[in-house]
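Chain by chain, the residues run as shown.
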Amino acid sequence: MARFGAAYSSPFVTQRKRQSPEPFEEAFRISDPMDYSCTWSWVESQVSAAIAEWNLCASKRFPTAPRFSSAEQLKREAAYDEALQGVEREAKHVRGDREERRQAQRRITAIFPRFATIALGLQGEAVDLLTGGFLPIGTQFAQWARRFDPELPMADVVQACRNAWTVCGIQPLLGDRMQMSPAIVGYSLLYPYSDNYIDSGRISTKSKLEFSACFRDRLCGLQIEPRNHHERAIWAMVSLIEFEYPRRQFPRVYESLLAIHRAQENSMAQLSRTRSLSESELLRLSCAKGGTSVLTDACLSHGHLNDAEARFAFDWGVLLQLGDDLQDVQEDLQHGSTTLFSRAAAAGVPLDGLVRQLFAFSERIADQVECLPHGDRVLKRLLRMSWRSLILMAVARSYRFFTPAYLAEVESGSSFRFAFLRARHKKLSSRRGLYRVLFENLIQSEDADLGLLPCPETWLKMSRVMQEAQSVPAPARSRA
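All figures in this text were calculated on a predicted structure; none of them were measured in a lab.

## Overview of the side chain of Arg388
Tracing the backbone through its elements, the reader meets Arg388 in helix H18 (residues 377–397). Although Arg388 lies buried, it forms no salt bridge, and the closest oppositely charged side chain, Glu363, sits 5.9 Å away as judged by the N-O distance.

And the structure:
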């Protein structure tokens, strides 16, 4: 397995050689005034553009989608359950000896093509992309994350892996080969370590603000001493990004990281029970948070972006954030987090209109994908389908907030009946559900190729050495 030195000397990393420590003032300099720059004013202008696009979609009808008869839905559900039962049978062998686990993992992988063809309606090339691209990347990521932090909850590994898959989906659209990298690992693991901390209702606002200020200083390149294991892990993730992208050469990477950090800080207003936000404010917060998130994904995928690529990545993030807000409407109502969807639901307004708007918005983003010069038609078609499926699943889970007529209309365009989706989601996401079993299988299967990544077992210690060598000393007041 690769160690720090081996990863540092790999072809992937040596093309981005580390520079000597630079003054803080130079760390974010813009070398070319015509180059794309992720300043906060750019983010605000992009938020305004996304909102204008969103508002246009209010008057648009969702394009005619495929319709599925009850018989077709039942056929797909039967294929779904057949695959599910096969995986559950094989999962019993996951905890056997090494060879037994390896064979079980191969049999689980072999189940997927038939499931994807019948249940999801995918063709051979799309199936190959999932099994030969996204699945191995998920295995690499899961194994690295668990070896770095054996105490990291499986739910957090799954959550972080979803972001890693998003980044790897972006890579071919930017003309790059799909592959895991140190920066992708680092940024994806920042989600469970930092985002969930900010969203937690068990942590005081004061503690969140103190942590957020220290985190911002660390993103700026300051040498901030971590106060606990939580911060040590986060600082180590930032060091993974620095390991791949030296600050002087890749200022856009750190501009985008500071942009998502600022958007996260601003979004804490959505958790406040004392402040009432307007619909426009809620939309701006969601657009900024989602847009800067995938913008950073794209920067970490490619190092730099042109303006068209940056705008596309931002809009993709807005779409995913609005989809998440719809998916989480029930939880947001319970926890007092206000979004466009939870506010409408709390007021007793059916979500039919907002979801029609979201479907239309997703089609607009999918049309943008088609215009990108890179990425083949298989990936672009798969992305369009995945975005639509995200919305359909969210509607199925939040069915109480829709009119019966609209539910019937949307359900006819789903490969599965909504009651079936709700039942299987509960089974898949339970404490011992299939998602957990599958990721345990990925972690315990044969060793993935981690040759492009630093050694997870020693990275926490090595990142401290890196930080001291590259960081700008923090002024005393930064820890006041």
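## Points about the pattern of salt bridges
Enumeration according to the criterion identifies 16 salt bridges in this entry. The partner of Asp367 in a salt bridge is Arg384, with the nearest N and O atoms 3.2 Å apart. Pair noted here: Asp367 is in helix H17 (residues 352–371) and Arg384 is in helix H18, with a separation of 17 residues, a long-range link. Note that Arg384 is salt-bridged to Glu370, the shortest N-O span being 3.8 Å. Remark: Glu370 occurs in helix H17 and Arg384 occurs in helix H18; sequence separation between them is 14 residues. Residue Arg384 is classed as partly exposed on the basis of its relative accessible area, which comes to 22%. In the salt-bridge network here, residues are joined through shared partners; they are Glu363, Asp367, Glu370 and Arg384.

## Quick notes on the environment of Ala126
Mapped onto the secondary structure, Ala126 falls in helix H7 (residues 124–148). Relative accessible area serves as the criterion here: at 8%, Ala126 is assigned to the buried category. Taking the C-alpha atoms as reference points, Ala126 and Pro113, 13 residues apart in sequence, are found 9.6 Å from one another.

## Examining the packing of aromatic side chains
Under the counting rule described, the total for this entry stands at 13 aromatic pairs. Relative to Phe420, the ring of Tyr80 has its centre 5.3 Å away and its plane inclined at 85°; by these criteria the two rings are edge-to-face. Of this pair, Tyr80 sits in helix H5 (residues 70–91) while Phe420 sits in helix H20 (residues 418–428); the two residues are 340 residues apart in sequence, bridging distant segments of the chain. Phe420 matches Tyr80 in its accessibility class, with the two residues each being buried. Each residue in the set Tyr80, Phe416 and Phe420 is aromatic and connected to the rest through ring pairs, giving one cluster. One Lys or Arg, Arg247, reaches over the ring of Tyr254 and ends 4.2 Å from the middle of that ring. Residue placement shows Arg422 over the ring face of Tyr399; its charged tip is 3.8 Å from the ring centre.

Conventions we followed
- Residues numbered from 1 in each chain as written.
- Predicted model: local features only at pLDDT ≥ 70, side-chain atom pairs only at ≥ 80, totals over all residues.
- Heavy atoms only, no water.
- Helix = DSSP H or I, 4+ residues; strand = E, 2+ residues; numbered from the N terminus.
- Buried < 20%, exposed > 50% of the residue type's maximum accessible area, 1.4 Å probe, protein only.
- Lys, Arg positive; Asp, Glu negative; His and termini not counted.
- Salt bridge = Lys/Arg side-chain N within 4 Å of Asp/Glu carboxyl O.
- Phe/Tyr/Trp six-rings, centres within 6.5 Å; stacked < 30°, edge-to-face > 60°.
- Lys NZ or Arg CZ within 6 Å of the ring centre and 35° of its normal.

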